[in-house]
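# Structural overview
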Amino acid sequence: MKRPLIPHLRWGVALVAGIVLTGACSATAGQAPSALRPGGAHPAAGPRAAALWQADPARGTADFEGTETKPGTVKVVDDPAGQHGKSFALHTSGDKIDGPTRVRVETRGHRTGSGPLRYSRDGDVFYIGWRSMWGPLPTKKGEWVVLWQLKDYGSGAATPPLSLRARGDGTVDLEYCDPQLKTTQLWHAPIALGTWHDFVLGIKVSKDPARGWVRLWHDGTAQKLPGGTEQYPAATLRGDWVTDKWGVYRSDGVKGPATALLNSPAVGRSYQDAAPKD
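Computed from a predicted model, the values in this text were never measured in an experiment.

### Topic: the overall build of the protein chain
Across its full length, the protein chain carries one helix and 19 strands. Across the 278 residues in the protein chain, those meeting the buried criterion constitute 51%. A total accessible area of about 11,600 Å² is found for the protein chain, and carbon and sulfur atoms account for 53% of it.

What follows is the structure, encoded as structure tokens:
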């Protein structure tokens, strides 16, 4: 059991079955993992020998395509909880650099020896895994803070199809935005600050919601998504390609400094390739 640094709300496995929010949204094909343990727990993850990409803190930020610090810093630090070794610390003072620019400090994309890894080919399946700890993380009712997003780029880019957001009501959720800019809350739970939590996102890449899909594991347990299943149909490709961004990106109504700690980010073809290891 992970020991928190500060008192916190325990994360739940609460789900939302089909809550839909309307309005503007802020490589070989594979199969989803099977043979889950009772209760949705996935078999223990093995070594990441087959990971397509992973960020090594010993290389600083070199394994990311880039960082966005508006304003902020991305540094390698010792895990303040003393559990997982070197980690990436993304910190922002929260002071806007100008009127139009929203506060953000994020990593962007994945750099490999053969070029950037981007999700662009219809039918490809990827699993994105990482471990996050947040705090301080100011929020405000009616506002949002994006902690991870599947961001779109290139021609036709409009809005991220997937975002992990902290809300001002003490929760964090996974939000899906479809090509018509209608948003659906796929999952939510109480947000806990000052303690590590693991995530794995499985995606099948497609602009067609009948072909693409999303899966989510939280702390090693497969989560139920709208409709009561572990796999939700979704158009996961927008623009020419999509890629991962981790950190803090927030609406203008949220004030004050924030820090997001990131550990063991990786991308693979299976859950085992991407899931954080102890």
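### As for the pattern of salt bridges
Under the criterion given, the structure shown has 17 salt bridges. Across the pair D124 and R121 runs a salt bridge, and its minimum N-O distance is 3.3 Å. Taking the relative accessible area as the measure of exposure, D124 reaches 5% and is therefore buried. Note that D198 and R131 form a salt bridge whose closest N and O atoms lie 2.8 Å from each other. Placement of D198 in strand β14 (residues 197-204) and of R131 in strand β9 (residues 125-134) is noted, with a sequence separation of 67 residues between them. Across the pair, exposure class does not vary: D198 and R131 are buried alike.

### Some remarks on the nonpolar core
In this structure, Y119, I128, W130, L137, W148, L164 and W187 are the most contacted members of the largest nonpolar core, which totals 47 residues. Contact partners of L164, with chain neighbours within four places excluded, come to W130, W134, V145, V146, L147, W148, V172, D173, L174, W187 and F199. Of all hydrophobic cores here, the second largest spans nine residues; its members include V125, Y127, W217 and A222.

### A word on the packing of aromatic side chains
For the structure shown, the criterion picks out 14 aromatic pairs. Between Y119 and F126, the ring centres sit 4.6 Å apart and the planes meet at 35 degrees, which makes this aromatic pair tilted. For the pair shown, Y119 and F126 are each scored as buried. When the centroid spacing of 6.4 Å and the interplanar angle of 85 degrees are considered together, the rings of W187 and F199 count as edge-to-face. Of this pair, W187 sits in strand β13 (residues 183-190) while F199 is found in strand β14, placing the two residues 12 residues apart along the sequence. Following the ring pairs from residue to residue traces out a cluster consisting of W53, F64, F88, W130, W134, W148, W187, F199 and W246. Directly above the ring of Y249 sits R104, whose terminal nitrogen or CZ lies 3.9 Å from the centroid.

### What about the side chain of S251?
Along the polypeptide, S251 turns up in the loop between β18 (241-250) and β19 (258-268). Exposure remark for S251: the relative accessible area of 4% places this residue in the buried category. Excluding residues that lie within four positions of it along the chain, S251 makes contacts with R102, E143 and W144.

### Some details on unusual backbone geometry
Among all residues save glycine, negative phi is the norm, and among peptide bonds the norm is trans. Residue P71 is reached from K70 by a cis peptide bond, and omega for that bond is -10 degrees. Examined against the element boundaries, P71 turns out to sit in the loop between β3 (66-70) and β4 (73-78). Even without glycine at this site, L181 takes up a positive phi of about 65 degrees. Turning to its location among the elements, L181 is positioned in the loop between β12 (171-177) and β13. Taking relative accessible area as the criterion, L181 reaches 31% and is therefore assigned partly exposed. Even without being glycine, S264 reaches a positive phi, approximately 60 degrees.

Rules and cut-offs
Residues numbered from 1 in each chain as written. Predicted model: local features only at pLDDT ≥ 70, side-chain atom pairs only at ≥ 80, totals over all residues. Heavy atoms only, no water. Helix = DSSP H or I, 4+ residues; strand = E, 2+ residues; numbered from the N terminus. Buried < 20%, exposed > 50% of the residue type's maximum accessible area, 1.4 Å probe, protein only. Areas by Shrake-Rupley, 256 points an atom, 1.4 Å probe, with all protein chains shown as cover. Salt bridge = Lys/Arg side-chain N within 4 Å of Asp/Glu carboxyl O. Core = buried A, V, L, I, M, F, W, Y, C linked by side-chain atoms within 4.5 Å. Contact = heavy atoms within 4.5 Å. Phe/Tyr/Trp six-rings, centres within 6.5 Å; stacked < 30°, edge-to-face > 60°. Lys NZ or Arg CZ within 6 Å of the ring centre and 35° of its normal.

That is the geometry; function is a separate question.
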